[in-house]
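Structure assessment
Each chain is listed here by its residues.
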Amino acid sequence: MAKEIERKFLVRGDRWRDLASEKLVLRQAYVATMDDRSVRVRLTNDTIATLTMKIGKAMTRDEFEYEIPVGDAEELLGNAIGLVIEKIRYKVPHKGFVWEVDVFRGAHRGLVVAEVELEDESDDPELPDWIGREVTGEYRYSNQALATQFEQEYDELSHSA
């Protein structure tokens, strides 16, 4: 069983942009959601499609991810629960870790978050100077909430670090 261990932060400023090593255009949506689990479809650069199941609410969650045909992903995006999330993901290496900085477009334009995946919950990566407030475990910053609870959460969502 695959495990996902990650921490999530708001981002301050644009200093990270000069350090980015990769840029991906993502569209993703949820086809099933429950309190502690979800099924997500993601299309990356319009060429790679994945179906992902996540179970759990803590920093460590079970994660199962499978590549699917792009046509199937397009159809699933059309049957999304809530919003289709649009974002550009930048990969930013920093002192032994790769940070994923998500710059949201569409309904969540202006929101910028960074995630770092860990090997173990005890890992303690040095935080880059462009990292702001930690939002790990704050459900309203999860992609699931951003897609499915947009109207309830938008007024409470801070776009600044």
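Residues numbered from 1 in each chain as written. Predicted model: local features only at pLDDT ≥ 70, side-chain atom pairs only at ≥ 80, totals over all residues. Heavy atoms only, no water.

1. Observations regarding the layout of surface pockets
Estimated volume of the largest pocket: approximately 760 Å³. If you go around the largest pocket, you meet 38 residues; those closest to its centre are Glu4, Glu6, Lys54, Arg61 and Glu115. (1 Å grid on protein atoms, 1.4 Å probe; cavity = no way out; pocket = protein on both sides within 12 Å on 5 of 7 lines; lining within 4 Å. Points joined across faces, edges and corners; volume = space filled by probe spheres on them.)

2. What to know about a negative patch on the surface
Together, Glu117, Glu119, Asp120 and Glu121 make up a region of like negative charge exposed at the surface. Locating Glu121 in the fold gives a position in the loop between strand E8 (112-117) and strand E9 (131-134). (Patch = residues over 30% accessible without salt bridge, like charges linked within 9 Å, V, L, I, M, F, W, Y side chains within 5 Å. Areas by Shrake-Rupley, 256 points an atom, 1.4 Å probe, with all protein chains shown as cover. Salt bridge = Lys/Arg side-chain N within 4 Å of Asp/Glu carboxyl O. Lys, Arg positive; Asp, Glu negative; His and termini not counted. Charge placed at Lys NZ, Arg CZ, Asp CG, Glu CD. Helix = DSSP H or I, 4+ residues; strand = E, 2+ residues; numbered from the N terminus.)

3. Describing the pairing of strand E3 (residues 37-44)
Burial of E3 is extensive: six of the eight residues sit out of reach of the surface. Where strand E2 (residues 22-34) hands over to E3, the hairpin turn is made up of two residues, counted between the paired strands. Where E3 lies against strand E4 (residues 48-55), eight bridges are found, and the strand directions are antiparallel. Among the inter-strand pairings, Val41 is bridged to a residue of E4, identified as Leu51. (Buried < 20%, exposed > 50% of the residue type's maximum accessible area, 1.4 Å probe, protein only. Pairing = 2+ DSSP bridges.)

4. Overview of the environment of Ala73
Position of Ala73 among the secondary structure elements: in helix H1 (residues 70-77). With relative accessibility at 0%, the residue Ala73 sits in the buried group. Separated by 24 residues in sequence, Ala73 and Ala49 have C-alpha atoms that sit 6.0 Å apart. Residues contacting Ala73, with those up to four places away along its chain left out, are Val41, Leu43, Ala49 and Ile68. (Contact = heavy atoms within 4.5 Å.)

5. Examining unusual backbone geometry
At Asn45, a position not held by glycine, the phi torsion is positive, near 50 degrees. Counting through the fold element by element, Asn45 comes out in the loop between E3 and E4. In the Ramachandran plot, Asp46 falls in the positive-phi region, its phi being about 60 degrees despite a non-glycine side chain. With respect to the element layout, Asp46 can be found in the loop between E3 and E4. Taking relative accessible area as the criterion, Asp46 reaches 51% and is therefore assigned exposed.

6. Brief notes about the environment of Tyr66
If you trace the backbone, Tyr66 turns up in strand E5 (residues 60-68). Distance in space between the C-alpha atoms of Tyr66 and Leu19 is 30 Å, their sequence separation being 47 residues. Not counting the four nearest positions on each side in its chain, Tyr66 is found in contact with Ala49, Thr50, Leu51 and Met53.

7. Details of the packing of aromatic side chains
Considering all chains together, one arrives at three aromatic pairs under this definition. With centroids separated by 5.6 Å and ring planes inclined at 55 degrees, the aromatic side chains of Phe9 and Trp99 adopt a geometry described as tilted. With Phe9 in strand E1 (residues 3-11) and Trp99 in strand E7 (residues 97-104), this residue pair connects regions lying 90 residues apart in the sequence. In this pair, the class of Phe9 matches that of Trp99, namely buried. An aromatic cluster of three or more residues is present, and its members are Phe9, Trp99 and Trp130. (Phe/Tyr/Trp six-rings, centres within 6.5 Å; stacked < 30°, edge-to-face > 60°.)

Note that every value here comes from positions in space, so none of it alone points to a role or purpose.
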